Amino acid sequence: MMLRALFNSLTPRERLLITLFVWALALLWFGSVMERLRSGSADLRTTKVSLQSQAETLALADRAEMLLQQARSGLDSARTYSAAQLVGQLDSLAREAGLTFDLSSPQTQETDIFSFHNVRMGIRRAQLKDLVAFDEKIRSHAPYIALSRFQFIANTRDPRFLDATLEISSFELKESALQ
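In this text, all values refer to a predicted model and were calculated from it rather than measured experimentally.

A. Structural context of the overall build of the protein chain. If you tally the helices and strands in the protein chain, you get six helices and five strands. Listed by position from the N terminus, the elements making up the protein chain come as α-α-α-α-β-β-β-α-β-β-α. Over its C-alpha trace the protein chain gives a radius of gyration of 36 Å, far above what one expects of a compact globule, namely 16 Å for 179 residues. In terms of its C-alpha atoms, the protein chain occupies a principal-axis envelope of roughly 110 × 50 × 20 Å. Looking at the 179 residues of the protein chain, the share that counts as buried comes to 21%. Considering only residue pairs separated by 6 or more positions, the protein chain has 61% of its internal contacts joining residues 24 or more positions apart.

B. Fine view of the nonpolar core. The biggest cluster of nonpolar side chains holds 24 residues, and the ones touching the most others in it are L86, M121, I123, F134, I138, L166 and I168. Sort the elements by how many residues they give to this core and strand β5 (residues 162-173) lands first, with six residues. Beyond its immediate stretch of four places on either side in the chain, F134 contacts L90, L93, A94, A97, L99, M121, I123 and L166.

C. Main features of empty space enclosed by the protein. Summed over the entire model, instances satisfying the criterion amount to one cavity of 30 Å³ or more. A volume near 30 Å³ is recorded for the largest cavity. Residue lining of the largest cavity: R120, R149, F150, Q151, T165, L166 and E167, and that is the complete set. Residue assignment for the lining of the largest cavity shows that the elements contributing at least two residues are β4 (145-154) and β5. In terms of residue class, the lining of the largest cavity is built from two nonpolar, two polar and three charged.

D. Structural context of the packing of helix α4 (residues 83-96) against helix α5 (residues 128-139). Two numbers describe how α4 lies on α5: the axes approach to 10 Å, and their chain directions differ by 145 degrees. Relative to α5, α4 is oriented so that their crossing is right-handed. Contact residues: L90, L93, A94 and E96 in α4; F134, K137 and I138 in α5. Grouping the constituent residues of the contact of α4 with α5 by class yields five nonpolar, no polar and two charged.

E. Spatial organisation of the packing of aromatic side chains. Under the criterion given, the structure shown has four aromatic pairs. Between F150 and F152, the aromatic rings sit 5.7 Å apart at their centres with planes inclined by 70 degrees, giving edge-to-face as the arrangement. For F150, a relative accessible area of 31% gives the class partly exposed. An aromatic cluster is present here, built from F114, F116, Y144 and F171 joined pairwise through their rings. A cation sits over an aromatic face here: R15 above F7, 6.0 Å from the ring centre. A cation sits over an aromatic face here: R125 above F161, 4.5 Å from the ring centre.

F. Layout of a nonpolar patch on the surface. On the surface, F7, I18, F21, V22, L25 and L28 cluster together into a nonpolar patch covering about 580 Å² of accessible area. With five residues, the single largest contributor to the nonpolar patch is helix α2 (residues 12-59). By the element assignment, L25 lies in helix α2. With a relative accessible area of 43%, L25 lands in the partly exposed category.

G. Seen up close, the side chain of N155. For N155, the position within the fold is in the loop between β4 and β5. Side-chain polar atoms of N155 contact the backbone nitrogen of R157, separated by 2.8 Å. When near neighbours in sequence (up to four residues on either side) are disregarded, N155 contacts R125, F161, L162 and D163.

About the thresholds
Residues numbered from 1 in each chain as written. Predicted model: local features only at pLDDT ≥ 70, side-chain atom pairs only at ≥ 80, totals over all residues. Heavy atoms only, no water. Helix = DSSP H or I, 4+ residues; strand = E, 2+ residues; numbered from the N terminus. Rg over C-alpha atoms; globule rule 2.2 N^0.38 Å. Buried < 20%, exposed > 50% of the residue type's maximum accessible area, 1.4 Å probe, protein only. Contact = heavy atoms within 4.5 Å. Core = buried A, V, L, I, M, F, W, Y, C linked by side-chain atoms within 4.5 Å. 1 Å grid on protein atoms, 1.4 Å probe; cavity = no way out; pocket = protein on both sides within 12 Å on 5 of 7 lines; lining within 4 Å. Points joined across faces, edges and corners; volume = space filled by probe spheres on them. Nonpolar A, V, L, I, M, F, W, Y, C, P; charged D, E, K, R; others polar. Axes fitted to C-alpha atoms, helices over the stretch in contact; angles between N-to-C directions. Left-handed = near helix turned anticlockwise from the far one by under 90°. Phe/Tyr/Trp six-rings, centres within 6.5 Å; stacked < 30°, edge-to-face > 60°. Lys NZ or Arg CZ within 6 Å of the ring centre and 35° of its normal. Patch = residues over 30% accessible without salt bridge, like charges linked within 9 Å, V, L, I, M, F, W, Y side chains within 5 Å. Areas by Shrake-Rupley, 256 points an atom, 1.4 Å probe, with all protein chains shown as cover. Salt bridge = Lys/Arg side-chain N within 4 Å of Asp/Glu carboxyl O. Polar contact = N/O pair within 3.5 Å; in protein donor to acceptor, adjacent residues only side chain to side chain.

Put into structure tokens, the structure is as follows:
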């Protein structure tokens with residue numbers, strides 16, 4: 001009642017301005033409410049798509065488990081190499097091949113299932129046939145040891161011999177991944 005009496009006591013111009021001001025506030029509030037509803041609706045659609053994608057992924061769990069078992073059956077965890085075993089194996093193979101070499105310290109990258117080890121090997125004054133034979137020895141340990149990079153150049157003192165730089169990698173299957 002009191003607001004009506006106050007409103008009626010105003011001049012027509014003041015009434016018009018107050019009415020426009022109230023309507024402007026109402027429109028701003030309504031626009032804000034509509035924006036929140038649109039945002040909520042978009043979030044709901046995104047959540048539905050995500051949920052559907054997750055349900056499809058979960059439906060593939062049996063197939064993934066089967067593929068994991070197949071992959072594990074083809075992999076002998078006893079033949080995977082730790083960093084120290086990789087260096088030892090490379091040392092042994094290079095000595096059998098009669099190469100003059102040096103090995104860098106292994107670089108290891110850890111994941112939940114595997115540890116990947118990389119070693120740089122420098123070979124000095126070797127003949128091409130010895131390098132090919134060494135490469136074949138490394139390939140005989142595939143997929144557990146792999147040659148990821150191979151670079152050779154002629155020896156500057158005697159071009160009949162080659163100097164080579166190899167990057168050799170291996171992986172180690174973690175026992176915790178087998179459970």
